[in-house]
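# Per-entry structural report
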Amino acid sequence: MNIGLSSLTYLISASLLSSSTAFTVVSPVTVTGTNSNSNAPSPLVPVTKLEAMKKSDDLIDIINTKSVQNQVKGIMASTLIAAALWVSPAALMNNVEGGPSFVNDIRTSVVADAKEMASASGSRVNKDAESLLRYGLPIPKDKEVRKFQVAIEDIRQNIASKRKSAAMDDTKKVKGILKQKTSEFSGMCRDSSECTSIIASMNEQFEPLDKSLRDAQTYLNGSDQERIALDSAYKAQDKLQKLLTKLEEQMVPAGYETPVPDEYNDLPQLRGGRATVEFVLQKPGNAPFDIEGVNFPEAKLTMVIDGFTAPVTGGNFVDLVQKGFYKNMNIQRSDGFVVQTGKPDGIADGYVGTPSKSVGKGKHGERLIPLEISVKGDKSPLYETNIEDEGRGGEATVLPFNSYGAMGWAREEYDANSGSSQFFWLLFDSDLTPAGKNVLDGRYPCFGYVVEGADFLRDIKEDDVIVSAKVVDGLDKLVLPKVASSVASSAEATSIKESIL
């Protein structure tokens, strides 16, 4: 195997990613706090045999290092295993037939780039949560609108890198596309008049955007005037992107819902759309959150939960938020790689409630949910399995762990159906975790992203408290199991009592 110096440097650096990880977190799942005497399984899984390198199915076993000394000992083993992962080819995609015609259209529109995205070594990593959410929308025959999306997003990239002329060229390109495709885009919408109004609002953003970019060109590089002009251009582009999101959401077919097997109907589901959830956190003693030298009295996170990609996982999370489960809960892990919470007080590892007949309950009465993975090009998610077990390693997931604040559902590594209420925010670093090369995609469900306030995750530590957790939009998309409320309440009360005793 021929590995260049830069790749080797990446692999060794990744081995020292945090104080408690080797190359990769295989199970950022059940650890709460740092008590080494905890009965909870370790978030890392040790390599039990170096022969794992010989078989791709065994490449996920990584050395668990609990100290700096052990980390050093594990570098070479982690490097060799990671190198094998680096060159692992993408599996061919299964061809799934049948289903509603618009679902097949959606699949056809994205299947062509699935393998390409999964093996895009060296390509620019898309870390924009809102962009990733747009790409995750199930839009049939989306080729033209995706070109339009790329052109709009390129404006932001060029503003951020002070490529003012390029940003102006992109703006001109966007205006041309919009003028040419207005009728086509409106015709793709559920409500064409609504989209016509959205497009009109987009056209109104071009004048302030153009003016700000022209002003920025006239000012000296690095001057306050240039910074103010670029900030103004960035704000205009941001309004343009948010309007683009509204436009693309209108292009999702009316009544579209991601297919979910009937056996999971006794679990909450987020059907036919997305929800927005807001958390507010405070530090013990009302200490401030320090973000790059600026103090804030509280941390406010706004998250979009995706019911298209993860209807069961997303529904479970939104249901727990709505029940008040996360309110006044402490952060239980913050190690520089993930921030994690979701374990209640007591012996239970997750939420204790009425279990699903198909998935069952945990050892302390926890309501469990199945592992749910959405692969690009598939009509519905994979359930109770991951892409490696399905022989599809390397294929791209619909929502990748690419963004700082990507949200993943925690579980025990060797039990696909052990997730209950614990989840994590990934502190993504593109230098250490290139797109398509991390071991979270396809093994843990990414069910949403932090779209506002992600910077607060840098200073959210263990024992910080979630003082408020609420669903601010999309609650109407939450579908609860059709069971007699009195029976459900009685069962939950009994289970909760047993978990405390």
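Every chain is numbered on its own, with residues counted from 1 as its sequence reads. Residue-level local features of this predicted model are given only where pLDDT is at least 70; pairs of side-chain atoms are given and counted only at 80 or more, and the full residue set underlies all totals for whole chains, interfaces and linings. Side-chain measures were taken over the full set of non-hydrogen atoms in the model, leaving aside hydrogen atoms and water.

### Description of the overall build of the protein chain
Strands are runs of DSSP state E lasting at least two residues, helices are runs of H or I lasting at least four, and both sets are numbered from the N terminus onward. A tally of helices and strands in the protein chain yields 12 helices and 15 strands. The buried share of the protein chain, taken over its 501 residues, is 54%. We get accessible surface area from the Shrake-Rupley algorithm with a probe of 1.4 Å; when it comes to residues, only the shown protein chains can shield them. Surface accessibility of the protein chain: about 22800 Å² in total, with carbon and sulfur atoms responsible for 50%. Relative accessible area decides the class of each residue, using a 1.4 Å probe on protein chains only: under 20% of the type maximum gives buried, over 50% gives exposed, and in between gives partly exposed.

### Thoughts on unusual backbone geometry
Even without being a glycine, Lys-162 presents a positive backbone phi close to 60°. Looking at the secondary structure, you find Lys-162 in the loop between α6 (143–160) and α7 (164–187). In this structure, Asn-286 is a non-glycine residue whose phi angle is positive, near 55°. Here Asn-286 is to be found in the loop between β2 (274–282) and β3 (289–291). Owing to a relative accessible area of 59%, Asn-286 belongs among the exposed residues under this scheme.

### With respect to the layout of surface pockets
Unoccupied space between atoms shows up once a probe the size of one water molecule is rolled over them. Here the second largest pocket defines a volume of roughly 860 Å³. For cavity detection a 1 Å grid was placed over the protein atoms alone, and a set of points counts as a cavity when a 1.4 Å probe fits there but cannot get out; an open set counts as a pocket when protein lies on both sides within 12 Å along at least five of seven lines, with lining residues being those that have an atom within 4 Å of a point. Forming the walls of the second largest pocket are 32 residues, and the residues nearest its centre are Thr-245, Glu-249, Arg-274, Thr-276 and Asp-473. Of all elements in the fold, only α5 (129–135), α8 (192–204), α10 (224–250), β2, β5 (299–306) and β13 (446–452) reach the threshold of two or more residues within the lining of the second largest pocket. Top contributing element to the lining of the second largest pocket by residue count: α10, with five residues. Gly counts as polar in this scheme, as do all residues outside two lists: the nonpolar Ala, Val, Leu, Ile, Met, Phe, Trp, Tyr, Cys and Pro, and the charged Asp, Glu, Lys and Arg. Looking at side-chain class alone, the lining of the second largest pocket contains 11 nonpolar, eight polar and 13 charged residues. Grid points are joined across faces, edges and corners, and a volume is the space filled by probe spheres set on the points.

### Digging into the packing of aromatic side chains
Aromatic rings from Phe, Tyr and Trp, taking only the six-membered ring of Trp, are treated as a pair when their centres fall within 6.5 Å; an angle between ring planes under 30 degrees marks them as stacked, one over 60 as edge-to-face, and anything in between as tilted. Under the defined criterion, the tally for this structure stands at 22 aromatic pairs. Between Trp-409 and Phe-447 the ring centres are 5.3 Å apart and the planes differ by 75°, which places this aromatic pair in the edge-to-face class. Taken together, the residues Trp-409 in strand β11 (residues 406–409) and Phe-447 in strand β13 connect sequence positions 38 residues apart. Assigned by exposure class, Trp-409 and Phe-447 land together as buried. Residues Phe-423 and Phe-447 carry aromatic rings whose centres are separated by 6.4 Å and whose planes lie at 80° to one another, so their mutual orientation is edge-to-face.

### Brief notes about the pattern of salt bridges
Any carboxyl oxygen of Asp or Glu that lies within 4 Å of a side-chain nitrogen of Lys or Arg is treated as forming a salt bridge with it. Counted according to the given criterion, the structure contains 28 salt bridges. The closest approach of N and O atoms between Asp-335 and Arg-333, which form a salt bridge, is 2.5 Å. The burial state of Asp-335 is the same as that of Arg-333; both residues are buried. Notably, a salt bridge pairs Arg-392 with Glu-395, separated by 2.9 Å at the nearest N-O pair. Summarising the burial analysis for this pair, Arg-392 and Glu-395 share the class buried. A single salt-bridge network, built from bridges that share partners, covers Asp-128, Glu-130, Arg-156, Asp-238 and Lys-242.

### Section: the sheet that holds strand β8 (residues 338–341)
When DSSP finds two or more bridges between a pair of strands, those strands are recorded as paired. Judged by pairing direction, the sheet is antiparallel, and its nine strands sit side by side in the order β6-β14-β2-β5-β13-β11-β12-β8-β7 without closing on themselves. Unpaired on one side and paired on the other, β6 (329–330) and β7 (333–334) mark the two borders of the sheet. Across three bridges, the pairing between β11 and β13 is antiparallel. The residue of β13 that forms the bridge with Met-407 is Gly-448.

### A word on the side chain of Glu-153
Note that Glu-153 resides in helix α6. Exposure remark for Glu-153: the relative accessible area of 12% places this residue in the buried category. A polar atom in the side chain of Glu-153 sits 2.8 Å from the side chain of Ser-131. Only heavy atoms matter for contacts: two residues are in contact if any of them lie within 4.5 Å across the pair. Ignoring anything within four residues of it in the chain, the contact list for Glu-153 reads Ser-131, Arg-134, Tyr-135, Gln-237 and Gln-241. Counting of polar contacts relies on pairs of N or O atoms within 3.5 Å, with two restrictions inside protein: one atom must be capable of donating a hydrogen and the other of accepting it, and residues adjacent in sequence are counted only when both atoms are side-chain atoms.

### Structural notes on α7
To estimate how far a helix should extend, the number of its residues minus one is multiplied by 1.5 Å. For α7, built from 24 residues, the straight-helix expectation of 34 Å at 1.5 Å per residue is met to within 8% by its first-to-last C-alpha distance of 33 Å. The angle between axes fitted to the seven-residue stretch ending at a residue and the seven-residue stretch beginning at it gives the bend at that residue. Considering bend angle alone, the principal kink of α7 is centred on Lys-181 and spans about 65°. By the burial criterion, the buried members of α7 are Lys-164, Ala-166, Ala-167, Asp-170, Thr-171, Val-174, Ile-177, Leu-178, Lys-181, Phe-185 and Ser-186.

### Regarding the environment of Val-465
In this fold, Val-465 is placed in strand β14 (residues 465–473). Separated by 181 residues in the primary sequence, Val-465 and Pro-284 place their C-alpha atoms 7.4 Å from one another. Discounting residues that sit within four places of it in the chain, Val-465 has contacts with Val-280, Leu-281, Gln-282, Asn-328, Met-329 and Asn-330.

### Description of the confidence of the model for the protein chain
Regions with low pLDDT should not have their predicted coordinates read in detail. The pLDDT score gives, residue by residue, the confidence of the prediction method on a 0 to 100 scale. The predicted model of the protein chain has a mean per-residue pLDDT of 78, with 70% of residues at 70 or higher. Scored below 50 in pLDDT, residues 1–122 makes 221 contacts in the model with residues more than four places away or belonging to other chains. In this model, residues 484–491 is a region of pLDDT below 50 whose contacts with residues beyond four sequence positions or in other chains number three contacts.

### Notes on the nonpolar core
Counting residues in hydrophobic clusters, the biggest one holds 46 residues, and the most contacted among them are Phe-279, Leu-301, Phe-317, Tyr-326, Trp-425 and Ile-460. Mapped by element, the contributors of at least two residues to this core are β2, β3, β5, α11 (311–323), β11, β12 (423–426), β13 and β14. Considering every element that reaches this core, the biggest residue donor is α11, with five residues. Excluding its chain neighbours within four sequence positions, the residues that come into contact with Leu-301 are Val-277, Glu-278, Phe-279, Leu-281, Trp-425, Val-450, Glu-452, Gly-453, Ala-454, Phe-456, Leu-457 and Ile-460. Think of a nonpolar core as a cluster: buried Ala, Val, Leu, Ile, Met, Phe, Trp, Tyr and Cys residues, connected wherever their side-chain atoms sit within 4.5 Å.

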